[in-house]
Amino acid sequence: MIFKGKKRIQIKNLRLTTKLVTTYTLLTVLPMAFLGFIAYWQYTKSIEEEVGEYIPRLVKQVNGNIEIEIQKLETLPDLIYNSGDVMTILRDSQSKKKSVLLHEEYIMKSYLTRTYLNNNSSHILGAFLVSKNRIFASTSLHYDSFGFEDGSLPYADDLGLLGGMQLLLPNQTNLTFEGNPSYFMLVKPITDFDNRKNLGTLYIAIDVAFFEQSLQDLQKEKNVTMWIMNKQGKIIYHKDHSKIGTVEKGIHDYPLLNGSFRTEIDGKRNLISISESNELPWVLVHSMPIKNMTEKTDVIRSVTIFFFILFTLITTLISIFFAWTVTRPLNELGDIMKRVEKGDLLVDIPIHSKDEVGMLANSFRSMLAEIRELIQKNYHIELRKKTAELYALQSQINPHFMYNTLETIGMAVEEGESEEVVKMVTLLGRMMRFSISNKESLVPINSEVQHIEDYLNIQQFRFEDRLLFMIEKGTDTVNYYIPKFVLQPIVENSIKYGLEKRKEIDIQIHISEEETQTGEEDLLLIVSDNGPGITENKLIELNEKLRLDPMMKRDSGFGIINVNARIGMMFGEQYNLQINSEYGKGTTVVIRLPKINAQQVSMYVQGEEKNRDDTKGQDGHCR
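Predicted, not measured: the structure shown is a model, and the values here were computed from it. (Residues numbered from 1 in each chain as written. Predicted model: local features only at pLDDT ≥ 70, side-chain atom pairs only at ≥ 80, totals over all residues. Heavy atoms only, no water.)

1. Points about the packing of aromatic side chains
Test applied: In this analysis, rings of Phe, Tyr and Trp, with Trp reduced to its six-membered ring, are considered paired at centre separations within 6.5 Å, and the interplanar angle assigns stacked below 30 degrees, edge-to-face beyond 60, and tilted for intermediate values. Only DSSP runs of H or I with at least four residues qualify as helices, and only runs of E with at least two residues qualify as strands; both kinds are numbered from the N terminus onward. The classification of residues rests on relative accessible area computed with a 1.4 Å probe and restricted to protein chains. Under 20% of the type maximum is buried, over 50% is exposed, and intermediate values are partly exposed.
By the definition in use, this model includes 11 aromatic pairs. Both rings, one in phenylalanine 128 and one in phenylalanine 177, keep their centres 6.4 Å apart while their planes meet at 45°; by these two values the pair is tilted. Linking phenylalanine 128 in strand E1 (residues 124–131) with phenylalanine 177 in strand E5 (residues 176–177), this pair joins segments that are 49 residues apart in sequence. Judged by relative accessible area, which is 0%, phenylalanine 128 ranks as buried. With 5.3 Å between their ring centres and 70° between their planes, phenylalanine 434 and phenylalanine 485 make a pair best called edge-to-face. Of this pair, phenylalanine 434 sits in helix H11 (residues 418–436) while phenylalanine 485 sits in the loop between strand E15 (480–483) and helix H13 (488–501), placing them 51 residues apart in sequence.

Structural data, given as structure tokens:
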């Protein structure tokens with residue numbers, strides 16, 4: 001299991017190109033090679049089987065033809081009955097003079113020469129007639145050791161011939177001819193038909209080349225070997241005449257004497273086909289290398305292998321090119337992802353195909369653009385928030401306000417108004433404590449109201465009856481929270497611009513709730529004054545600034561814009577600050593805020609801190 005598991009892991013870790021090429025090889029090349037091998041093996045096997053069945057029939061037919069030829073030779077001895085002179089000599093048993101004997105010998109030899117050597121088969125080496133201890137011979141070659149004198153030649157009586165014919169193989173006689181040609185010998189007894197007496201025995205020696213005429217068609221085949229042997233393996237005739245008379249060594253391993261079988265000779269596979277003669281004491285053997293049968297299929301195999309290798313090389317190159325075409329964009333996309341992983345978000349993705357890789361690249365390109373946009377957005381939001389917080393902090397300790405307040409306190413001290421001095425110092429101290437308590441960005445409404453009320457009271461010490469104000473609380477100001485310092489910049493603007501052109505300024509602050517279309521409730525902080533108002537063009541310009549970045553130069557209206565930016569960044573674009581003004585009649589500023597209780601404060605603060613941390617991290621990559 002561990003081994004299999006390791007294998008699976010190794011395959012899993014292979015490169016995609018290797019997997020594609022390997023898959024192609026497994027699904028195409030191997031099946032083709034397997035099918036080609038099976039087809040070639042089956043085709044070769046069928047050829048061997050057909051040849052294995054055909055050759056034995058052909059060998060049997062040739063063996064039959066040889067038997068017919070031998071049967072024709074069997075009639076040759078009977079020709080001697082047609083000669084009256086020969087029969088008279090054979091029947092005459094009286095003693096004769098030497099001259100008569102020589103004359104009879106001459107007649108016999110002439111007859112044998114004329115009858116067997118000149119008029120019949122050219123393969124007859126000699127004809128021998130043995131009668132009454134006399135031998136009459138006529139041969140085409142000089143001979144030796146006929147065997148009549150030493151008794152080695154078997155006679156018809158010894159062979160048990162009674163009117164029939166026997167065949168002597170070369171190893172059964174000592175007779176040799178000049179040049180030592182191989183032969184076989186037909187033995188036929190000569191019987192007197194009148195009294196059934198044996199008159200002698202006729203021997204006809206026939207060159208084994210007699211067989212070549214019958215076997216020549218089969219021996220034309222390349223590397224084909226044929227021979228005739230007895231059942232004990234003694235070779236009577238062989239294509240290689242030097243093997244005639246030797247013994248076939250493998251005869252004892254032959255599984256049969258009729259039919260065909262495969263065997264291995266000298267390391268080469270051969271098909272041996274054997275046919276046993278029905279009439280004669282021998283078997284005809286045909287040996288052919290298996291390679292001969294598959295010679296044409298070997299050519300087909302070589303051509304097939306060549307085209308298979310060529311096809312494999314071409315298709316493998318195509319598969320490699322195809323795999324490279326598929327994996328190159330993936331590798332390129334992977335490299336780009338690594339660059340993005342290291343923080344390079346400004347990469348270019350040069351993949352514009354319409355396939356799956358192109359779709360993946362488009363998705364990644366879109367995701368990357370969205371990430372860049374989100375990072376830029378969060379970066380700017382955080383930057384704007386930091387700027388707004390910085391400006392808000394700066395507004396808390398407005399040096400002009402501090403200078404004017406301290407100057408008013410100083411004047412009150414000089415005039416001996418100790419009660420007013422104590423009251424202003426108390427108010428200023430509470431304002432400073434509220435200002436320096438900068439840990440929380442959301443405070444209860446009553447804290448913010450207390451702060452703006454302290455601010456207006458201090459300003460009232462300064463401007464006395466020129467400043468009037470009223471704060472109306474139409475909601476629970478204890479349990480709901482609002483951003484810190486959202487009222488002071490608006491009230492500052494009302495006092496600043498109102499008292500420039502008016503003798504007195506009346507500021508009204510209303511805190512209420514309003515149900516939205518979604519059924520939720522928002523808080524409305526409405527600051528209105530009876531100041532000079534804002535011209536239409538100036539109002540348009542001011543509203544435009546509300547949508548701009550608070551990092552603009554600090555000028556008129558900066559405080560209001562800062563408040564609007566802080567609200568939008570903290571609660572979303574649906575919460576904002578609106579300015580309504582009519583020139584000469586006054587200005588109303590409406591601040592819309594979500595209704596946040598004490599439990600929801602932590603959620604907004606945590607979300608704000610998380611966004612700040614994310615922005616810091618993304619800011620680091622982006623920069």
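2. Some thoughts on the sheet that holds E15
Defined as follows: A strand pair is defined by DSSP finding two or more bridges across the two strands. Contacts: residue pairs with any heavy atoms within 4.5 Å of one another. Angles here are taken between N-to-C directions and fall from 0 to 180 degrees, while the axes themselves are lines fitted to C-alpha atoms, restricted in helices to the stretch in contact.
Ordered in space as E13-E15-E20, the three strands form an open sheet in which the pairing is antiparallel. In this open sheet, the two strands that pair with only one neighbour each are strand E13 (442–444) and strand E20 (596–597). Alignment of E15 against E20, held across two bridges, turns out to be antiparallel. If you follow tyrosine 481 over to E20, its bridge partner there is isoleucine 596. On top of the sheet, helix H12 (residues 445–463) reaches E13 and E15; it is set at about 85° to E13, its chief contact.

3. Description of the sheet that holds strand E18 (residues 577–582)
Across the sheet, which stays open at both edges, the five strands sit in the order E14-E16-E17-E19-E18 with mixed pairing between neighbours. Across the chains shown, the open sheet's two edge strands, defined by having one partner strand only, are strand E14 (467–473) and E18. Direction aside, the axes of adjacent strands within the sheet are offset by 15° on average.

4. Here's the deal with the pairing of E1
A large share of E1 lies buried, amounting to eight of its eight residues. For E1 and strand E7 (residues 198–207), the ladder comprises six bridges, and the chain directions are antiparallel. Bridge assignment links valine 130 to a residue of E7, and that residue is threonine 201. Direction of pairing for E1 relative to strand E2 (residues 134–139): antiparallel, over a ladder of six bridges. Bridge pairing links alanine 127 to serine 138 in E2. Connecting E1 to the next strand, E2, in antiparallel fashion are two residues, including lysine 132 with a positive phi near 55°.

5. Thoughts on the environment of arginine 269
With respect to the helices and strands, the residue arginine 269 is situated in strand E11 (residues 268–276). A relative accessible area of 44% means that arginine 269 is categorised as partly exposed. For arginine 269 and proline 289, which are 20 residues apart along the polypeptide, the C-alpha to C-alpha distance reads 6.0 Å. In contact with arginine 269, not counting residues within four places along its chain, are Glu48, Arg262, Thr263, Glu264, Pro289 and Ile290.

6. So, unusual backbone geometry
A positive phi angle is found at glutamate 464, which is not glycine, with a value near 55°. Mapped onto the elements, glutamate 464 comes out in the loop between H12 and E14. When its relative accessible area of 55% is taken as the criterion, glutamate 464 is described as exposed. Even without a glycine there, the phi angle at phenylalanine 485 is positive, about 60°.

7. A few points about the packing of helix H3 (residues 84–91) against helix H4 (residues 98–118)
A pair of packed helices is characterised by two quantities: the angle between their axes and the separation of those axes. Under the convention used in this document: The scheme is simple: roughly parallel for angles under 35 degrees, roughly antiparallel for over 145, roughly perpendicular for 65 to 115, oblique for anything else. By definition, any crossing whose near helix is turned counterclockwise from its far helix by less than a right angle is left-handed, and any crossing with a clockwise turn is right-handed. Each residue receives one of three labels: charged for Asp, Glu, Lys and Arg, nonpolar for Ala, Val, Leu, Ile, Met, Phe, Trp, Tyr, Cys and Pro, and polar for the others, Gly being one of them.
Two elements in contact, H3 and H4, have axes separated by 10 Å at closest approach and are oriented at 135°. Here H4 runs oblique to H3, going by the angle between their axes. Relative to H4, H3 is oriented so that their crossing is left-handed. Residues Asp85, Val86, Ile89 and Leu90 of H3 form the contact with H4, whose participating residues are Glu104, Ile107, Met108 and Tyr111. Of the residues assigned to the contact of H3 with H4, the class counts are six nonpolar, no polar and two charged.

8. Digging into the environment of tyrosine 106
Residue placement: tyrosine 106 occurs in helix H4. Separated by 30 residues in the primary sequence, tyrosine 106 and phenylalanine 136 place their C-alpha atoms 8.8 Å from one another.

9. Quick look at the pairing of strand E8 (residues 225–229)
In the case of a regular strand, side chains alternate between the two sheet surfaces. With four of five residues buried, E8 is to be regarded as a mostly interior element. As judged from the five bridges shared by E8 and strand E12 (residues 283–289), these two strands associate in the antiparallel manner. Bridge pairing links threonine 225 to serine 287 in E12. The pairing of E8 with strand E9 (residues 235–238) spans three bridges and is classified as antiparallel. Along E9, the bridge assignment pairs tryptophan 227 with histidine 238.

10. Here we look at the environment of arginine 134
To be explicit about the condition: Residues adjacent in sequence count toward polar contacts only when both atoms are side-chain atoms; beyond that, a polar contact is any pair of N or O atoms within 3.5 Å, and within protein one must be able to donate a hydrogen and the other to accept it.
Checked against the element boundaries, arginine 134 lands in strand E2. A polar side-chain atom of arginine 134 sits 2.9 Å from a polar atom in the side chain of glutamate 104.

11. Some thoughts on helix H2 (residues 16–73)
Counted only if it meets this: Expected helix span is given by 1.5 Å per residue-to-residue step, counting one fewer step than there are residues. A residue's bend is given by the angle between axes fitted to the 7 residues ending at it and the 7 residues starting at it.
Between the first and last C-alpha of H2 there are 83 Å, a value that for 58 residues agrees with the 86 Å anticipated at 1.5 Å per step. The largest bend along H2 reaches roughly 35° and is located at threonine 25.

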